[in-house]
Amino acid sequence: MVDLKEGTKKEMGAFKKFVSRGNVVDMAVGVIVGGAFGKIVTSFVNDIVMPLIGIILGGLDFKGLSLKIKDSTIAYGNFIQTVVDFFIVAFCIFCVVRIFERFKKKENPPAPAPKQSEEAKILLEIRDLLKERSEK
């Protein structure tokens, strides 16, 4: 019979090991920061971008667009607003990722490849020839 207490300890140890890995913590931080960033971008879209687009389009407000069919209302304006929100959020995230990639490249420049001596090149050729011969 399996000891429940020992099995629970084993699972808790595995869980602790899983959680203490760096990439799980990084992912959790990313989700939290991403949620906060999403709120900022949503506010930016709703409070700044969409009113400007409304002014450019002559006072058009996407949220108010709807189609009434009998007793049902199809609020396609909300859908348009959500699509615009998505593209703006995706573009902002794209820009932030590009900025981080630039910083990352500057921090860790690739090390120059060591030059091989003539002897090393000849040894590699011999190795490849021997390998080719043994495969036949």
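As a reminder, the structure under discussion sits directly above these lines.
First things first, this report covers the structure right here in the doc. Since the structure is predicted, the reported quantities are computational estimates derived from the model, not experimental observations. (Residues numbered from 1 in each chain as written. Predicted model: local features only at pLDDT ≥ 70, side-chain atom pairs only at ≥ 80, totals over all residues. Heavy atoms only, no water.)

### Notes on the overall build of the protein
No. 1: The secondary structure content of the protein amounts to four helices and two strands.
No. 2: Traced from its N-terminal end to its C-terminal end, the protein shows the element sequence α-α-β-β-α-α.
No. 3: Taken along its principal axes, the extent of the C-alpha atoms in the protein is 80 × 60 × 40 Å.
No. 4: Across the 136 residues in the protein, those meeting the buried criterion constitute 9%.
No. 5: Sequence-distant contacts in the protein: of pairs separated by 6 or more residues, those separated by 24 or more amount to 36%.
No. 6: Accessible area for the protein stands at about 12,300 Å²; split by element, carbon and sulfur atoms hold 67% of it. (Helix = DSSP H or I, 4+ residues; strand = E, 2+ residues; numbered from the N terminus. Buried < 20%, exposed > 50% of the residue type's maximum accessible area, 1.4 Å probe, protein only. Contact = heavy atoms within 4.5 Å. Areas by Shrake-Rupley, 256 points an atom, 1.4 Å probe, with all protein chains shown as cover.)

### Considerations on the nonpolar core
No. 1: With six residues, the main nonpolar core is built from Val41, Val45, Val49, Met50, Phe62 and Ile88.
No. 2: Met50 has contacts with Val45, Phe62, Gln81 and Val84, leaving out every residue within four places of it along the chain. (Core = buried A, V, L, I, M, F, W, Y, C linked by side-chain atoms within 4.5 Å.)

### Observations regarding the layout of surface pockets
No. 1: Size it by volume and the largest pocket reaches roughly 150 Å³.
No. 2: Together, Val33, Gly34, Phe37, Ile93, Val96, Val97 and Phe100 line the largest pocket.
No. 3: For the lining of the largest pocket, the leading source of residues is helix α3 (residues 76–107), giving four residues.
No. 4: In the lining of the largest pocket, the residues fall into six nonpolar, one polar and no charged. (1 Å grid on protein atoms, 1.4 Å probe; cavity = no way out; pocket = protein on both sides within 12 Å on 5 of 7 lines; lining within 4 Å. Points joined across faces, edges and corners; volume = space filled by probe spheres on them. Nonpolar A, V, L, I, M, F, W, Y, C, P; charged D, E, K, R; others polar.)

### Digging into the pattern of salt bridges
Oppositely charged side chains may form a pair once their charged atoms are brought near each other.
No. 1: Across all of its chains, the model carries two salt bridges by this definition.
No. 2: The salt bridge partner of Arg127 is Asp128, with a shortest N-O separation of 3.0 Å.
No. 3: Judged by its relative accessible area of 49%, Arg127 falls in the partly exposed class. (Salt bridge = Lys/Arg side-chain N within 4 Å of Asp/Glu carboxyl O.)

### Looking at helix α4 (residues 118–135)
No. 1: When the terminal C-alpha atoms of α4 are compared, their 26 Å separation across 18 residues agrees well with the 26 Å that a helix rising 1.5 Å per residue should span.
No. 2: Taken across its 18 residues, α4 has zero buried, putting it largely on the surface. (Expected span 1.5 Å × (residues − 1).)

### Overview of the side chain of Gln81
No. 1: Structurally, Gln81 is set in helix α3.
No. 2: The residues contacting Gln81, other than those within four sequence positions of it, are Val45, Asn46, Met50, Phe62 and Lys63.

### A short note on the packing of aromatic side chains
No. 1: Enumeration over the complete set of coordinates arrives at one aromatic pair.
No. 2: Both rings, one in Phe86 and one in Phe87, keep their centres 5.4 Å apart while their planes meet at 65 degrees; by these two values the pair is edge-to-face.
No. 3: Classification of Phe86 by relative accessible area gives exposed; the value is 54%. (Phe/Tyr/Trp six-rings, centres within 6.5 Å; stacked < 30°, edge-to-face > 60°.)

### Notes on unusual backbone geometry
No. 1: The phi dihedral of Lys70 falls on the positive side, at around 55 degrees, and the residue is not glycine.
No. 2: With respect to the helices and strands, the residue Lys70 is situated in the loop between β1 (67–69) and β2 (72–74).
No. 3: For Lys70, a relative accessible area of 78% corresponds to the exposed category.

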